[in-house]
Amino acid sequence: MPEPECIFCKIAQHQIPVKAVHEDDHSICFPDIDAQAPTHLLLIPKEHYPNAAAAPADVLGHLLKQAATLGEGLLPQGYRVVVNTGDDGGQTVHHLHLHILGGRPMHWPPG
Ligand code: AMP
Ligand code: ZN
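Let me sum up the structure you'll find in this document.

Parameters and conventions
Residues numbered from 1 in each chain as written. Chains lettered and ligands numbered in written order. Predicted model: local features only at pLDDT ≥ 70, side-chain atom pairs only at ≥ 80, totals over all residues. Heavy atoms only, no water. Near = heavy atom within 4 Å. Areas by Shrake-Rupley, 256 points an atom, 1.4 Å probe, with all protein chains shown as cover. Helix = DSSP H or I, 4+ residues; strand = E, 2+ residues; numbered from the N terminus. Salt bridge = Lys/Arg side-chain N within 4 Å of Asp/Glu carboxyl O. Buried < 20%, exposed > 50% of the residue type's maximum accessible area, 1.4 Å probe, protein only. Contact = heavy atoms within 4.5 Å. 1 Å grid on protein atoms, 1.4 Å probe; cavity = no way out; pocket = protein on both sides within 12 Å on 5 of 7 lines; lining within 4 Å. Points joined across faces, edges and corners; volume = space filled by probe spheres on them. Nonpolar A, V, L, I, M, F, W, Y, C, P; charged D, E, K, R; others polar. Polar contact = N/O pair within 3.5 Å; in protein donor to acceptor, adjacent residues only side chain to side chain. Donors = N, O, S within 2.8 Å, 3.2 Å for Na, K, Ca; no water. Tetrahedral: all angles 85-135°; square planar, octahedral: opposite > 155°, others 65-115°.

1. Digging into the site of ligand 1
Phase 1 of the analysis: Not every one of the 16 residues close to ligand 1 is listed here, only the nearest: Asp 32, Asn 84, Thr 92, His 97 and His 99.
Phase 2 of the analysis: Protein chains shield 83% of the accessible area of ligand 1, which is 500 Å² for the free molecule.
Phase 3 of the analysis: No other element matches helix α1 (residues 7-12), which puts three residues into the shell around ligand 1.

Below you can see the structure in the form of structure tokens.
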């Protein structure tokens, strides 16, 4: 069930338009509005889960495989997949999402 005030649920239901780079029955991938790298995409499940722990294993598997497929296709020099979780993890939108970042060398350790 969509959460009424969840911005990513609204994107998943096409109530807020995005320039999707991928969409299927279960997920949608679109540019982050505040890009932290030359390519910065968000991959979200259409179903609302507040974080990875709340999502079933098959959903997590589908998302990670999709992120890898998109990364390989769009960012052949490499990319990073990030799942910020909770306050210390820097999560600001409480609908599970994977960041896919690339187009420049990533720093380690992350900040
Ligand atoms: P996080 O901080 O890991 O929860 O990531 C949430 C991300 O969602 C941030 O990087 C925001 O820039 C991004 N974001 C918030 N609203 C939108 C939107 N309407 N379209 C695209 N990205 C968004
Ligand atoms: Zn949601």
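2. What to know about the pattern of salt bridges
Between side chains of opposite charge, a pair can form when the charged atoms approach closely.
Phase 1 of the analysis: For the structure on display, the rule yields one salt bridge.
Phase 2 of the analysis: Lys 46 serves as the salt-bridge partner of Glu 23, at 2.7 Å between the closest nitrogen and oxygen. On the criterion of sequence distance, the pair formed by Glu 23 in strand β1 (residues 22-23) and Lys 46 in the loop between β3 (39-45) and α2 (57-74) is long-range, its members being 23 residues apart.
Phase 3 of the analysis: The exposure class of Lys 46 is partly exposed, given its relative accessible area of 25%.

3. Digging into the side chain of His 95
Phase 1 of the analysis: One can find His 95 in the loop between α3 (86-89) and β5 (98-102).
Phase 2 of the analysis: Given a relative accessible area of 0%, His 95 falls into the buried group.
Phase 3 of the analysis: When neighbours within four sequence positions are excluded, His 95 is seen to be in contact with Cys 6, Phe 8, Cys 9, Ile 44, Pro 45, Lys 46, Glu 47, His 48, Tyr 49 and Pro 50.

4. A few points about the layout of surface pockets
Phase 1 of the analysis: A volume near 800 Å³ is recorded for the largest pocket.
Phase 2 of the analysis: At the level of elements, α1, β2 (27-31), β3, β4 (79-82), α3 and β5 are the ones that each hand at least two residues to the lining of the largest pocket.
Phase 3 of the analysis: Considering every element that reaches the lining of the largest pocket, the biggest residue donor is α1, with three residues.
Phase 4 of the analysis: The residue makeup of the lining of the largest pocket, split by class, is 17 nonpolar, 11 polar and five charged.

5. Things to note about the side chain of His 97
Phase 1 of the analysis: Within the secondary structure, His 97 is located in the loop between α3 and β5.
Phase 2 of the analysis: Given a relative accessible area of 6%, His 97 falls into the buried group.
Phase 3 of the analysis: Here the side chain of His 97 touches His 95 through a polar contact of 2.7 Å, landing on its backbone oxygen.
Phase 4 of the analysis: Every residue in contact with His 97, bar those within four places of it in the chain, is listed here: Phe 8, Leu 42, Leu 43, Ile 44, Val 82, Val 83 and Gln 91.

6. A look at the environment of Lys 10
Phase 1 of the analysis: With respect to the helices and strands, the residue Lys 10 is situated in helix α1.
Phase 2 of the analysis: Overall, Lys 10 belongs to the partly exposed group, its relative accessible area being 25%.
Phase 3 of the analysis: The spatial distance from the C-alpha of Lys 10 to the C-alpha of Thr 69 is 25 Å, given a sequence separation of 59 residues.
Phase 4 of the analysis: Contacts of Lys 10, omitting those with residues within four sequence positions, involve Pro 4, Glu 5, Gln 15 and Ile 16.

7. A look at the environment of Leu 96
Phase 1 of the analysis: Relative to the helices and strands, Leu 96 resides in the loop between α3 and β5.
Phase 2 of the analysis: In this structure, the C-alpha to C-alpha distance between Leu 96 and Ala 57, residues 39 residues apart in sequence, is 13 Å.

8. Considering the coordination of the zinc ion (ligand 2)
Phase 1 of the analysis: Bound to the zinc ion (ligand 2) are the protein donor atoms Cys 6 (SG), Cys 9 (SG), His 48 (ND1) and His 95 (ND1), situated 2.0 to 2.2 Å from the metal.
Phase 2 of the analysis: Every donor counted, the four donor atoms about the zinc ion (ligand 2) form angles of 104 to 115° at the centre, which fits tetrahedral coordination.
Phase 3 of the analysis: Site description for the zinc ion (ligand 2): donor spacing in sequence, C-x2-C-x38-H-x46-H. Linking Cys 6 in the segment before α1 with His 95 in the loop between α3 and β5, this pair joins segments that are 89 residues apart in sequence.

By themselves, these are just geometric observations and shouldn't be taken as functional.
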